[in-house]
Amino acid sequence: MDKIVINGAKPLCGKIEVSGMKNSAVAIIFGTILTEGKCVIENLPNISDVTDGLEILQSVGAVIRQLTKTTFEIDTTRIIPGSAPFDLVRKMRASYYILGAELGRFGKSKSAYPGGCDFGGRPIDQHIKGFEALGANVVVEGGYIDANATPNGLVANSVYMDVVTVGATINIILAAVKAKGTTIIENAAREPHIVDLASFLNAAGASISGAGTDVIKIKGVSKLHGVNYAIVPDMIEAGTYMIAAAATRGDLYIHNVIPKHLESISAKLEEMGAIVEEFDDAVRVTCSERPLTRVNVKTLPYPGFPTDMNPQMGVLLCLAKGTSTLSEGVWENRFKYVDELRSMGANVNVDGRIAVFEGGTVFSGAVVKAVDLRAGAAMIIAGLAAHGKTEIEEIQHIQRGYEDIVSKLRGVGADIKLISVPSTSMIDAKKAN
Ligand code: EPZ
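Counting of residues starts from 1 at the beginning of each chain's written sequence and follows it residue by residue. Local features in this predicted model are restricted to residues of pLDDT 70 or higher, and side-chain atom pairs are both shown and tallied only at a pLDDT of 80 or more, whereas totals for entire chains, interfaces and linings draw on every residue. Think of the side-chain values as coming from all heavy atoms in the structure, minus any hydrogens and water.

How should the packing of helix H1 (residues 22-31) against helix H7 (residues 192-203) be read in this particular structure?
For any two helices packed against each other, one specifies the inter-axial angle together with the distance between the axes. Lines fitted to C-alpha atoms define the axes here, with helix axes fitted over just the stretch in contact, and angles between the N-to-C directions of these axes take values from 0 to 180 degrees. A helix here means a DSSP run of H or I that spans at least four residues, while a strand means a run of E at least two residues long, and both kinds are numbered starting from the N terminus. The contact between H1 and H7 brings their axes to 9 Å, and the two run at 30 degrees. Considering their axes alone, H1 and H7 lie roughly parallel with respect to each other. Once H1 is placed against H7, the crossing between them reads as right-handed. Contacts from Asn-23, Ser-24, Ala-27, Ile-28 and Gly-31 in H1 reach His-193, Asp-196, Leu-197, Phe-200 and Leu-201 in H7. For classification purposes, an angle smaller than 35 degrees is called roughly parallel, one larger than 145 roughly antiparallel, one from 65 to 115 roughly perpendicular, and anything else oblique. The crossing is said to be left-handed when, going from far helix to near helix, the turn is anticlockwise and less than a right angle, and right-handed when the turn is clockwise. What makes two residues a contact is simply this: any of their non-hydrogen atoms within 4.5 Å.

This is how it looks when you write it as structure tokens:
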């Protein structure tokens, strides 16, 4: 299994480029199913969630051509609904968008229950509520979700989301795009990737308004057409590098961002004493002479502080002077990374959804593992700040969502490398064959 090795305590300095947004890319990839034609999608990040998503599309009949490293032509003229392979779908969370897209285009879909990072339960009751509100019959059994519209197709309806959920908001938009009438989603999620998906679908002929607010209206249309579209930059990748700059007391110019998407992260970093300068499509993060000071952070749906920045911020709270709290407002158990940080010297107490960080930590390098995607990114940040060598295992989690993270960090002065370790265990050897 590959690992990342870092010799830390070096400030990151220079310019780093942000790639396309993972959580927008995976929604738009499956959204192409609705266009029944050829789309050219640009700025797709070169990460395993995207390659897995494209592989699922190919497995159901899409014809995909790679035009550049980050541009793909996707032809969904011929799609066989309900044919996505079980093992592929279970590799990632966003594969369940195939349900909304196939239901929206064909009136039927069948897909394995999705996989994804383990933060405790990852229910899909709100997705099912939305599909049923549009008249579909949904059955979950044997590890599959089977959704079928009535013979006269999906009919628009109003749906009030019991919780703010990105995935269900996206899935209901996908299913409603061609439903008869106007669907209204209330208490909708407002994340930038929902706005990006709506922009893509509208460019393909859909009629969606209100994306980015908590009330989204989708007026059903009869057909969508192929379109060229570029994915927005990844706000969580950008935020990760912003925190890495502060954690290493460096000076990073982070290019290809939408500063508005980063407002909650910039505000927290400034509250801690970092300096954040905004430009049209970039932010620059530097640190004053003073040590970073403690803060309280609460993760919330957008535009609140992103839950996907919880682990990265946890590392910074260890380094800041004073006692900080981090309250997780979205997932029931997003502090699994804390044990790994403790092995590097962190002093953190977790009680349910609240963690208390005793600051002033001087991290020492250790062998740690990436317990999930963003926790893995946090281990990299801790390793960059630590004295000595850090080895990070289970890095396949990191490769799901960070394009070329090792080379990007090397480019700004990090002593970091990716090591391929020949598999030793019988199990690994079996997997490798
Ligand atoms: C998306 O997950 C992201 N993944 C997650 O990012 C992110 O943490 C999350 O949104 C919140 O922003 C992708 O976009 C692929 P939710 P999703 O539905 O859609 C509850 C990353 O690191 N809920 O917004 O699965 C749920 O339990 C990943 O990039 C229900 O109760 O999240 C949670 O408490 C990790 N019923 C809350 O809503 C449902 O039917 C938010 O979940 C659905 C969700």
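Sorry, what's going on with the sheet that holds strand E1 (residues 3-7) here?
Sheet strands pair by backbone hydrogen bonding; their relative direction is either parallel or antiparallel. At least two bridges found by DSSP between two strands is the condition for calling them paired. The 4 strands are arranged E21-E22-E1-E23 in an open sheet whose pairing can be described as mixed. Strands with a single pairing partner mark the edges of an open sheet, and in this sheet they are strand E21 (367-369) and strand E23 (415-419). If you compare each strand with its neighbour and ignore which way they point, the axes differ by 20 degrees on average. Two strands pair when backbone bridges link them, and E21 and strand E22 (residues 389-393) are joined in this way by 3 bridges, in the parallel orientation. Looking at the pairing, Val-368 lines up with Ile-392 of E22.

Mind showing me how you'd approach the site of the ligand here?
A cutoff of 4 Å decides nearness: a residue is near a molecule or strand if any of its heavy atoms lies inside that distance of it. In the vicinity of the ligand lie 25 residues, with Gln-126, Thr-165, Val-166, Asp-308 and Val-330 positioned nearest. In the model, an oxygen atom of the ligand is placed 3.1 Å from a nitrogen or oxygen of the Arg-93 side chain. Asp-308 places a side-chain nitrogen or oxygen 2.6 Å from an oxygen atom of the ligand. Because more than half of its atoms lie within 2 Å of the grid, the ligand is assigned to the largest pocket. Only H1, helix H5 (125-133), helix H6 (166-176) and helix H12 (373-385) provide two or more residues apiece to the shell around the ligand. The element that contributes the greatest number of residues to the shell around the ligand is H5, accounting for 3 residues. Throughout, the ten residues Ala, Val, Leu, Ile, Met, Phe, Trp, Tyr, Cys and Pro are labelled nonpolar, Asp, Glu, Lys and Arg are labelled charged, and all others, Gly among them, are labelled polar. Residues belonging to the shell around the ligand are distributed by class as follows: 12 nonpolar, 6 polar and 7 charged. Polar contacts, as counted here, are pairs of nitrogen or oxygen atoms within 3.5 Å of one another; within protein the pair requires one atom able to donate a hydrogen and one able to accept it, and residues that are adjacent in sequence qualify only if both atoms are side-chain atoms. The definitions used throughout rest on a 1 Å grid laid over the protein atoms alone, on which a cavity is an enclosed set of points accommodating a 1.4 Å probe that cannot get out and a pocket is an open set flanked by protein within 12 Å on both sides along at least five of seven lines; lining residues are those having an atom within 4 Å of a point. In this scheme, a molecule is assigned to a cavity or pocket if more than half of its atoms are within 2 Å of the grid points.

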